[in-house]
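# Architecture and fold: a report
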Amino acid sequence: MDDDLIVCRCEEVTVGDVKRAIEQGAFDVSGVKRRTRAGMGQCQGRTCETLIRGILASELSKRPDEFRLDTVRPPLSPVTFKTLAGGYDE
Amino acid sequence: MSKVCDVIVVGCGVIGAAITYYLSASGMEVVAVEENDVGSGTSSRCDGNVLVIDKKPGFDCELALKSQELFETLEDDISFDVEYRQLGSVLAVETEAQAEGAAQWHSAMSRSGVRVKYIESSDVHAHEPMLAQDIVGLFECASDSSLNPMNLVYGYVLAAQNNGAVIKTRTKAKRLLLDTQHHIKGVETSEGTILAPLVVISAGVWTPQIVRTCGVDVPIVPRKGHIIVSERTFKVASRKIQEFGYIMAKFGEEGQRDVEPEMEKYGIAMVFEPTPHENFLIGSSREFAGFDTTCNMEVVSLMAKRAIRFFPCIEDVRVIRTYAGLRPYTQDHRPIISKVDQVPGLYIASGHEGDGIGLAPITGLLVSEMLLGCTPSVPLEPLSLNRFM
Ligand SMILES: Cc1cc2nc3c(=O)[nH]c(=O)nc-3n(C[C@H](O)[C@H](O)[C@H](O)COP(=O)(O)OP(=O)(O)OC[C@H]3O[C@@H](n4cnc5c(N)ncnc54)[C@H](O)[C@@H]3O)c2cc1C
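The rules behind each value
- Residues numbered from 1 in each chain as written.
- Chains lettered and ligands numbered in written order.
- Predicted model: local features only at pLDDT ≥ 70, side-chain atom pairs only at ≥ 80, totals over all residues.
- Heavy atoms only, no water.
- Helix = DSSP H or I, 4+ residues; strand = E, 2+ residues; numbered from the N terminus.
- Buried < 20%, exposed > 50% of the residue type's maximum accessible area, 1.4 Å probe, protein only.
- Contact = heavy atoms within 4.5 Å.
- Lys, Arg positive; Asp, Glu negative; His and termini not counted.
- Charge placed at Lys NZ, Arg CZ, Asp CG, Glu CD.
- Salt bridge = Lys/Arg side-chain N within 4 Å of Asp/Glu carboxyl O.
- Near = heavy atom within 4 Å.
- Polar contact = N/O pair within 3.5 Å; in protein donor to acceptor, adjacent residues only side chain to side chain.
- Areas by Shrake-Rupley, 256 points an atom, 1.4 Å probe, with all protein chains shown as cover.
- Nonpolar A, V, L, I, M, F, W, Y, C, P; charged D, E, K, R; others polar.
- Domains from an automatic or database assignment.
- Buried area = accessible area lost by both parts, 1.4 Å probe.
- Pairing = 2+ DSSP bridges.
- Axes fitted to C-alpha atoms, helices over the stretch in contact; angles between N-to-C directions.
- Parallel < 35°, antiparallel > 145°, perpendicular 65-115°, else oblique.
- Phe/Tyr/Trp six-rings, centres within 6.5 Å; stacked < 30°, edge-to-face > 60°.
- Lys NZ or Arg CZ within 6 Å of the ring centre and 35° of its normal.

## Details of the overall build of chain A
Across its full length, chain A holds four helices and three strands. Listing each helix as α and each strand as β along chain A from the N terminus yields β-β-α-α-α-β-α. Relative to its 90 residues, chain A shows a buried fraction of 46%. Sequence separation of 24 or more characterises 43% of the internal contacts of chain A that already satisfy a separation of 6 or more. Looking at chain A, you have 14 positive and 15 negative side-chain charges, and the mean spots of the two groups are 4 Å apart.

## Topic: the pattern of salt bridges
Residues and elements named next belong to chain B. Across all of its chains, the model carries 33 salt bridges over all chains by this definition. The salt bridge partner of arginine 239 is glutamate 140, with a shortest N-O separation of 2.7 Å. Within this pair, whereas arginine 239 is found in the loop between strand E14 (221–230) and strand E15 (240–243), its partner glutamate 140 is found in strand E7 (residues 137–141), the two being separated by 99 residues in sequence. For lysine 224, the salt bridge identified is with aspartate 292, shortest N-O distance 3.7 Å. Residue lysine 224 is located in strand E14, and its partner aspartate 292 is located in the loop between strand E17 (280–283) and helix H11 (297–310); the two are separated by 68 residues in the primary sequence. Each of Glu94, Asp134, Glu243, Arg257, Glu264, Arg306 and Arg309 takes part in salt bridges that share partners, so that together they form one network.

## Some thoughts on the site of the ligand
All names here are of chain B. Around the ligand, a shell composed of 38 residues is seen, among which Glu34, Ser43, Ala173, Glu353 and Gly358 lie nearest. Serine 43 places a polar side-chain atom, nitrogen or oxygen, 2.5 Å from an oxygen atom of the ligand. Protein burial of the ligand: of its 1,000 Å² of free accessible surface, 96% is covered by the chains. Broken down by secondary-structure element, the contributors of at least two residues to the shell around the ligand are helix H1 (14–25), E14 and strand E18 (318–329). Per-element accounting of the shell around the ligand gives the leading share, four residues, to E18. Taken together, the residues that form the shell around the ligand break down as 13 nonpolar, 17 polar and eight charged. When residues are assigned to domains, the shell around the ligand turns out to be shared by domain 1 (7–46 + 150–219 + 332–388) and domain 2 (89–142 + 221–329), each giving three or more.

## Thoughts on the domain arrangement of chain B
All names here are of chain B. Looking at chain B, the domain boundaries give domain 1 (7–46 + 150–219 + 332–388) and domain 2 (89–142 + 221–329). Using only C-alpha atoms to locate each centre, domain 1 and domain 2 end up separated by 31 Å. Between domain 1 and domain 2, the contact holds 14 residues from the first and 14 residues from the second. Summed over both sides, the interface between domain 1 and domain 2 buries roughly 1,200 Å², with carbon and sulfur atoms accounting for 60% of that surface. Of all residues in domain 1, the largest losses of buried area upon contact with domain 2 belong to Arg45, Val205 and Glu353, amounting jointly to 51% of the total for that side. Where domain 1 meets domain 2, there are two salt bridges. Measuring nitrogen to oxygen at the nearest pair gives 2.7 Å for the salt bridge that ties arginine 286 to glutamate 353. Applying the counting criterion to the domain 1 and domain 2 interface returns six residue pairs in polar contact (both at pLDDT 80 or more). Within the side of domain 1 that touches domain 2, the residues separate by chemical class into four nonpolar, eight polar and two charged.

## Quick word on unusual backbone geometry
Residue and element names in this part refer to chain B. In this structure, the amide linkage connecting glycine 283 to the following residue, serine 284, adopts the cis form with an omega of 5 degrees. Inspection of the secondary structure puts serine 284 in the loop between E17 and H11. Unusually for a residue other than glycine, histidine 182 sits at a positive phi of about 70 degrees. For histidine 182, the location among the structural elements is in the loop between strand E10 (173–178) and strand E11 (184–189). Backbone geometry at glutamate 278 places phi at a positive 65 degrees, although glycine is not the residue there.

## Re the sheet that holds strand E12 (residues 192–195) of chain B
The four strands lie next to each other as E1-E12-E11-E10 (chain B), forming an open sheet whose pairing is mixed. Here the strands that pair on one side only, and so sit at the sheet edges, are strand E1 (3–4) and E10 of chain B.

## Section: the packing of helix H2 (residues 29–36) of chain A against helix H3 (residues 48–59) of chain A
Each pair of packed helices gets described by two things: the angle between the helix axes and the distance between those axes. Residue and element names in this part refer to chain A. Interaxial distance between H2 and H3 falls to 10 Å at its minimum, and their mutual angle equals 105 degrees. As far as their axial angle goes, H3 and H2 are roughly perpendicular. Residues Val29, Val32 and Lys33 of H2 form the contact with H3, whose own contacting residues are Glu49, Ile52, Arg53 and Leu56. Taken together, the residues that form the contact of H2 with H3 break down as four nonpolar, no polar and three charged.

## Regarding the interface of chain B and chain A
Taken together, the contact pairs 36 residues of chain B with 26 residues of chain A. Carbon and sulfur atoms make up 57% of the area that chain B and chain A hide from each other, which totals about 2,900 Å². Among the residues chain B hides against chain A, the three largest losses belong to B:Val319, B:Ile320 and B:Arg321. Together they make up 22% of the total. Linking chain B with chain A are five salt bridges. B:Arg232 is the salt-bridge partner of A:Glu11, the closest N and O atoms lying 3.4 Å from each other. Summed over the shared surface of chain B and chain A, the result is twelve residue pairs in polar contact (both at pLDDT 80 or more). At the level of secondary structure, the elements contributing two or more residues to the side of chain B that touches chain A comprise helix H7 (149–162), E14, E17, H11 and E18 of chain B. Bridging between strand E3 (residues 79–80) of chain A and E18(B) involves two bridges; their strand directions are antiparallel. Across the sheet, residue A:Thr80 finds its bridge partner in E18(B), namely B:Arg318.

## Structural notes on the packing of aromatic side chains
Given two aromatic rings, one states the distance between the centres and the angle between the planes to describe the pair. Tallying each qualifying case throughout the model produces twelve aromatic pairs over all chains. On the numbers, 5.3 Å between centres and 35 degrees between planes, the contact of B:Phe139 with B:Phe244 is tilted. Of this pair, B:Phe139 sits in strand E7 while B:Phe244 sits in helix H9 (residues 244–250), placing them 105 residues apart in sequence. Judged on exposure class, the residue B:Phe139 and its partner B:Phe244 are both buried. Chaining the aromatic ring pairs together yields one cluster made of A:Phe81, B:Phe272, B:Phe280 and B:Phe311. B:Arg170 extends its terminal NZ or CZ atom over the ring of A:Phe27, reaching a point 3.8 Å from the ring centre. B:Arg309 extends its terminal NZ or CZ atom over the ring of B:Phe310, reaching a point 5.0 Å from the ring centre.

Written out as structure tokens, the structure reads:
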């Protein structure tokens, strides 16, 4: 994969950024996210997590399914502050 | 095979990373062991405020001011961008009664060398136009700043590695090893034994369980806090804004808040922090709920409500994520940066509660001064483990 390729559109993180994070010690999806901000934006990693797993697998010579997806942090889809303040279940 | 070095640092959150950096900079051979990844504990579940405005007047302010001084040259020292922004911070006063109750606090802060300026109601909205109309005043502290806590961890780690420190991730400290004289000898880890005459435990809320393996109790407990992350949006405010009533409540002064019992139960207080990524973080909550880091949506809902009370304009802004972290709490809200008298060679640097990011540099410096036998930058007595005995 080309290093300039964008992995995470929301935070504009490239393949090269992810590779550098792995070089600096990231060994799982959360470690890559914390080092690059990939997956921290609007879509919360819905598209980039699979790509990150792929890069982790090829850089660390493992299978993509050996990497767990990052923990889901609610809300599952964006809600407004007003909705949240009114009670999460309403 | 056992590995031998000068000093072992156990736990590599922001505190362990700072210590590893300072010790390696002084020429010591350091091995840091981290159970998971560097910064994977509380240090990646927090805000990045470097504040003196919320510290108790006196020693706590002195400690925070010293740390702020160290931040001023930090990015050059470690050659790393930590998104350090010295924009000052603001406390928003809700009522006249609160403002009156604040007089004593304000002068105590001045005596502690913290310059805090009061902004009258007529000027509040010239400074912070998005704040609710009924906010009666602001206290402003210009030396306060914010940064990206993860970058701080990685910056310290990379600089320490550059100095020759070895950082072993996915390596869990299982037991502390003592010699026949009850001196520290090393650490038994999941990846083998490491020997060193000096060991520093900087494992945040997990420090007590490690130190208990040599029979010493450390009074640190997890105090859970939640954070709400907004989407990218318009500029709500460009600096850190906290509600004032909370500070007063924290120090048990006059001018308590008029809020629902649930808000008090979960210690909800509005904390607003803008990020350089065009979004903002909202805090805060404080509760003793063990080691559980799952989000309590009742708490998050109350935090959202409290945030809207101060910033009505954020009603329709969307929330993209919420998370919770565990502050390493001590009874007097001060960290333990101390030798352990019962076990010569063993040191503790944990218990920074809600201030570990801001106090990381001074903690690293103090630990290196202790280990090298230099005169400490601040008196160590108020930080000693003995104060709880
Ligand atoms: C919601 C929230 C907001 C906050 N906001 C701020 C703020 O704005 N400003 C501020 O200054 N502070 C803030 N804090 C406080 C700050 O986050 C903490 O004080 C700080 O992160 C503590 O750092 P630490 O290195 O002591 O702990 P941690 O970051 O938890 O590091 C401890 C490390 O030890 C490792 N470990 C545990 N057991 C073992 C073992 N047996 N062997 C090896 N390693 C082990 C863990 O994996 C972990 O990485 C906030 C905290 C919370 C929860």
